[in-house]
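Commentary on secondary and tertiary structure
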Amino acid sequence: SQKLLEVKDLKTSFYIHLGEVQAVRGVSFSVDKGEAIGIVGESGSGKSVTSMSIMRLLQYPGRIKDGEIIFKGEDIVKKSDKEMMAIRGNEIAMIFQDPMTSLNPVFTIGDQIMEAIRRHQGLNKKDAKEKAIEMLRLVGIPSPESRVDNYPHEFSGGMRQRAMIAIALSCQPDLLIADEPTTALDVTIQAQILELMKDLKDKVNTSIILITHDLGVVADVCSRIVVMYGGLIMEEGTSEEIFYDPKHPYTMGLLKSIPRLDLGQKQRLVPIEGTPPDLIKPPVGCPFVSRCPYAMKICKEYRPPYFEVSKGHRSMCWLLHEKAPKVEVETGVKR
Ligand code: SF4
Ligand code: MG
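Residues numbered from 1 in each chain as written. Chains lettered and ligands numbered in written order. Predicted model: local features only at pLDDT ≥ 70, side-chain atom pairs only at ≥ 80, totals over all residues.

Under the annotation held in an unreviewed UniProt entry, the protein carries the name Oligopeptide transport system ATP-binding protein and is attributed to Paramaledivibacter caminithermalis.

**Here we look at the overall build of the protein**
Our working rule: The helix and strand labels rest on DSSP assignments: H or I over at least four residues marks a helix, E over at least two residues marks a strand, and numbering proceeds from the N terminus. The size measure is the radius of gyration over C-alpha atoms, and the globule rule it meets is 2.2 Å times the number of residues to the 0.38 power. For every residue pair, C-beta atoms are placed from the backbone, and the pair is scored as a contact if these atoms sit within 7 Å.
Each helix and strand in the protein was counted, giving 12 helices and 12 strands. Rg of the C-alpha trace for the protein: 21 Å, near the compact-globule value of 20 Å for 335 residues, within the 12% margin. Within the protein, counting contacts between residues at least 6 apart in sequence, those at least 24 apart form 64% of the total.

**A few points about the site of ligand 1**
So the rule is basically this: By convention here, the C-beta atom is placed from the backbone, and a residue is near a molecule or strand when that atom is within 6 Å of it. Classification used: nonpolar for Ala, Val, Leu, Ile, Met, Phe, Trp, Tyr, Cys and Pro, charged for Asp, Glu, Lys and Arg, polar for all others including Gly.
Near ligand 1 lie 14 residues; those nearest to it are Cys-286, Cys-292, Ala-295, Cys-299 and Cys-317. Within the shell around ligand 1, the residues separate by chemical class into 13 nonpolar, 1 polar and no charged.

**A word on the domain arrangement of the protein**
Keep this limit in mind: Either an automatic procedure or a domain database provided the assignment from which the domain bounds are taken.
What the domain assignment reports for the protein is domain 1 (3-91 + 173-320) and domain 2 (100-172). Computed from C-alpha coordinates alone, the two centres of domain 1 and domain 2 are separated by 29 Å. Contacts between domain 1 and domain 2 engage 14 residues on the former and 13 residues on the latter. The greatest single-element share of the side of domain 1 that touches domain 2, amounting to 6 residues, is contributed by helix H8 (residues 187-204). Grouping the constituent residues of the side of domain 1 that touches domain 2 by class yields 10 nonpolar, 4 polar and no charged.

**Observations concerning the sheet that holds strand S7 (residues 175-179)**
Here is the rule: DSSP-based pairing: two strands are paired if at least 2 bridges between them are found. Axis lines are fitted through C-alpha atoms, for helices just across the contact stretch, and the angle between N-to-C directions can take any value from 0 to 180 degrees.
A sheet is described by the order of its strands in space; here 8 strands give the open sequence S6-S7-S8-S3-S9-S10-S12-S11, paired in mixed fashion. One side of each edge strand has no neighbouring strand; the edge strands of this open sheet are strand S6 (92-95) and strand S11 (307-310). Looking at each pair of strands side by side, their axes are set apart by 20° on average, direction ignored. Against the sheet, helix H11 (residues 249-256) makes contact with strand S3 (36-40), strand S9 (224-229) and strand S10 (232-238), and its axis sits at roughly 105° relative to S9, the strand it touches most.

**Some remarks on the packing of helix H4 (residues 109-121) against helix H7 (residues 157-169)**
Convention followed: Working definition: roughly parallel below 35 degrees, roughly antiparallel above 145 degrees, roughly perpendicular at 65 to 115 degrees, and oblique for all remaining angles. Crossings are classed by handedness, with left-handed meaning an anticlockwise turn of the near helix from the far one by less than a right angle and right-handed meaning a clockwise turn.
Direction vectors running N to C along H4 and H7 enclose 20°, while the axes themselves pass 8 Å from each other. In this view, H4 runs roughly parallel relative to H7, as classed from their interaxial angle. Once H4 is placed against H7, the crossing between them reads as right-handed. Here Ile-109, Gln-112, Ile-113 and Ala-116 of H4 come into contact with H7, specifically with Ala-163, Ala-166 and Ile-167.

**Some remarks on the packing of H4 against helix H5 (residues 125-138)**
The geometry of H4 relative to H5 is characterised by a closest axis approach of 9 Å and an angle of 115° between their N-to-C directions. It follows from the interaxial angle that H4 and H5 lie roughly perpendicular. The handedness of the crossing between H4 and H5 comes out as right-handed. Two secondary-structure elements touch here, H4 through Gly-110, Ile-113, Met-114, Ile-117 and Arg-118 and H5 through Ala-128, Lys-129, Lys-131, Ala-132 and Met-135.

**A closer look at H7**
What counts, and what does not: Any helix carries an expected span of 1.5 Å times its number of residues minus one. The exposure scheme places C-beta atoms from the backbone and then counts, for each residue, the other C-beta atoms within 10 Å of its own, assigning buried at 20 or more, exposed at 12 or fewer, and partly exposed in between.
The first and last C-alpha atoms of H7 sit 18 Å apart over 13 residues, in line with the 18 Å expected at 1.5 Å per residue. Counted residue by residue, H7 has 12 buried out of 13 residues, so it is predominantly covered. Buried residues of H7: Gly-158, Met-159, Arg-160, Gln-161, Arg-162, Ala-163, Met-164, Ile-165, Ala-166, Ile-167, Ala-168 and Leu-169, and no others.

**As for the pairing of S10**
Extensive coverage of S10 is indicated by the burial of 6 of its 7 residues. Strand direction decides the pairing type here: S9 and S10, joined by 6 bridges, are antiparallel. Within the sheet, the bridge partner assigned to Val-227 lies in S10 and is Glu-235. In terms of strand pairing, S10 meets strand S12 (residues 313-315) through 2 bridges, oriented antiparallel. Across the sheet, Glu-236 pairs through a bridge with Arg-314, a residue of S12.

**Some remarks on the sheet that holds strand S1 (residues 3-16)**
The 4 strands lie next to each other as S2-S1-S4-S5, forming an open sheet whose pairing is antiparallel. The sheet is open, and its two edges are formed by strand S2 (19-32) and strand S5 (74-75), each paired on a single side. Two strands pair when backbone bridges link them, and S1 and strand S4 (residues 62-71) are joined in this way by 8 bridges, in the antiparallel orientation. Within the sheet, the bridge partner assigned to Ser-13 lies in S4 and is Arg-63. Where helix H1 (residues 47-55) meets the sheet, its contacts fall on S1, S2 and S4, and the angle it forms with S2 comes to roughly 70°.

**Section: the environment of Ala-168**
Counting through the fold element by element, Ala-168 comes out in helix H7. Under the C-beta neighbour-count criterion, Ala-168 is labelled buried, with 25 such atoms within 10 Å. In contact with Ala-168, not counting residues within four places along its chain, are Ala-93, Met-94, Ile-95, Pro-173 and Leu-176.

Laid out in structure tokens, this is it:
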């Protein structure tokens, strides 16, 4: 498999009057061609800032401080704003939580897809409309020939998100970044949109980065999961490894807080107690130390290195040190 994107030691900060908020503190991961990965963490973990860095859409006072973002062999960090405009939407597309804020209420859905198609593919109006209908069909909009002339308010929330995905995919991007794409939707629609993304990944061969606070969302779509906390990657592994063989207490905590469909009302969700660290003065040791049930003396004093559990499975936790006490893992997740 070929690497499409390689993020190397990315550091992104926000320079505010109180000081430097170190939102992303040295993050490295890669995405292969055609692969879907999940980036999971609570709000403030640095996951959205990572994606905005990749898109080069950081708002002032945010700035990429260090690191490389190699996309198709070239460093995005070094690109000019003009070069980035050509890459965004065309080679890398993004969808957000609330499609209503990204769709223009005064233009029809079809116009907005056609605009994206014509801008990037230079098709004439008739062909662009055909293509728009084809895209709506691809994302599962019923009777796309008539729906293409609807305005956003005539679409339900789930259909609007489908339309956003159609716009994002209409220029055949190499990479689709989806930031909490289903958070605003109810559970049934959420499942349908995830099913769609899974389906599209195979049909259009676009790589996907799915960003979410909900570990339950990524399992089916993503083959690999990156778990972030305090601006760092805590654990990375295949979906199997993260769900059934987690090695980081933060991952274990996230697993315990996922609602489980099989338990219905009977379940007791266990939230992770405490709050994320102050990233103006980040902890010198493990960022999770103040909330970790297994914290040891060393955790406060030294940041753990990555311990390799197996090839591709790594965890930034002192529990993996050969001299650490053995910990029984009970996450409630069963095969
Ligand atoms: Fe917990 Fe220590 Fe591991 Fe951090 S390094 S997650 S504090 S055991
Ligand atoms: Mg976010």
